Amino acid sequence: MNSMIYYDDLSTDMGTIYVALQERGVCKVALREDDWQTYLQRHSSIHDRQRCAGVRQELQEYFRGERRQFTVPLVIEGTYFYRQVWQALLQIPYGQVRTYEDIAREIGRPRAYRAVGQANYHNPLPILIPCHRVIGKNGKLTGYMGSYTGMKAQLLQLEGAMLS
């Protein structure tokens, strides 16, 4: 078991989104029920709407098109390589996209574009760390959270970055 987490969920046009916080900040955003249930099994948790109010509000504002940047503190845990990738994703401006190859070059590992894809897949804070803004070299919407490219398209459309 890891440290205590506080969690809540919110309904969106894309379905239910689950959020978890530690004392230091947001540690998990889950876009799928199965991912959320797996996460809950590994943590001691308390449902706490009040503690989660800040991240809920920022996500609601994002989905209404009123927020372009998140300010809630994030707890980013992963391998050194994954953290490098996630930090690079945080630099992608709202409404813009980059390729997996762009991110690999940006972190100084130009041939690691497949590994960048794996880091995106393992992103514990989707939306807050915008892995949806990373596309294939050919401009296609490649896998998002596995095969959720429809969700990726919705997020990019919301941000005005939907590709033709």
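Residues numbered from 1 in each chain as written. Predicted model: local features only at pLDDT ≥ 70, side-chain atom pairs only at ≥ 80, totals over all residues. Heavy atoms only, no water.

**Q** What is the right way to read helix 1 (residues 33-41) from this model?
**A** Working note: α-helix, 3.6 residues per turn, so residues spaced by three or four point in the same direction. All of the buried residues along helix 1 are Asp35, Trp36, Tyr39 and Leu40. All buried residues of helix 1 lie within an arc of 130 degrees about the axis, which places them on one face of the element. (Buried < 20%, exposed > 50% of the residue type's maximum accessible area, 1.4 Å probe, protein only. Helix = DSSP H or I, 4+ residues; strand = E, 2+ residues; numbered from the N terminus. Arc of directions from axis to C-beta.)

**Q** It is not clear to me how the pairing of strand 2 (residues 15-22) should be interpreted in this structure. Could you clarify?
**A** In regular strands, side chains alternate between the two faces of the sheet. Most of strand 2 is tucked away: six of the eight residues are buried. Of the strand pairs in this sheet, strand 2 and strand 3 (residues 25-30) are connected by five bridges, and their pairing is antiparallel. Looking at strand 3, one finds that Gln22 is bridged to Gly25. Hairpin connection between strand 2 and strand 3: a loop of two residues separates the two successive antiparallel strands. (Pairing = 2+ DSSP bridges.)

**Q** Help me understand the UniProt feature "active site" (unreviewed entry) in the protein in this model?
**A** UniProt's entry tags Cys131 with the feature "active site" (unreviewed entry), counted in the numbering of this structure. With respect to the helices and strands, Cys131 occurs in the loop between helix 5 (113-121) and strand 6 (134-135). (UniProt positions renumbered as here; feature names shortened; annotations may be inferred.)

**Q** When you look at the UniProt feature "domain: Methylguanine DNA methyltransferase ribonuclease-like" (unreviewed entry) in the protein in this model, what are you seeing that I'm missing?
**A** Per the UniProt record, "domain: Methylguanine DNA methyltransferase ribonuclease-like" (unreviewed entry) is annotated on residues 5-74. Measuring from the first to the last C-alpha atom of residues 5-74 gives 13 Å, for a span that is 29% helix and 39% strand.

**Q** How do you make sense of the domain arrangement of the protein when you look at a structure like this?
**A** One frequently used descriptor of interface size is the decrease in accessible area upon assembly of the parts. Here the protein is partitioned into domain 1 (5-64) and domain 2 (80-159). Centre-to-centre, using C-alpha coordinates, domain 1 lies 21 Å away from domain 2. Contact with domain 1, which involves 13 residues of that partner, is made by 15 residues of domain 2. Summed over both sides, the interface of domain 1 with domain 2 buries roughly 1,300 Å², with 71% coming from carbon and sulfur. Here domain 1 is connected to domain 2 by zero salt bridges. (Domains from an automatic or database assignment. Contact = heavy atoms within 4.5 Å. Buried area = accessible area lost by both parts, 1.4 Å probe. Salt bridge = Lys/Arg side-chain N within 4 Å of Asp/Glu carboxyl O.)

**Q** Please clarify how unusual backbone geometry should be interpreted in this entry.
**A** Most peptide bonds take the trans configuration, and most residues that are not glycine carry a negative phi. Positive phi outside glycine occurs at Ile127, with the angle close to 80 degrees. Structurally, Ile127 is set in the loop between helix 5 and strand 6.

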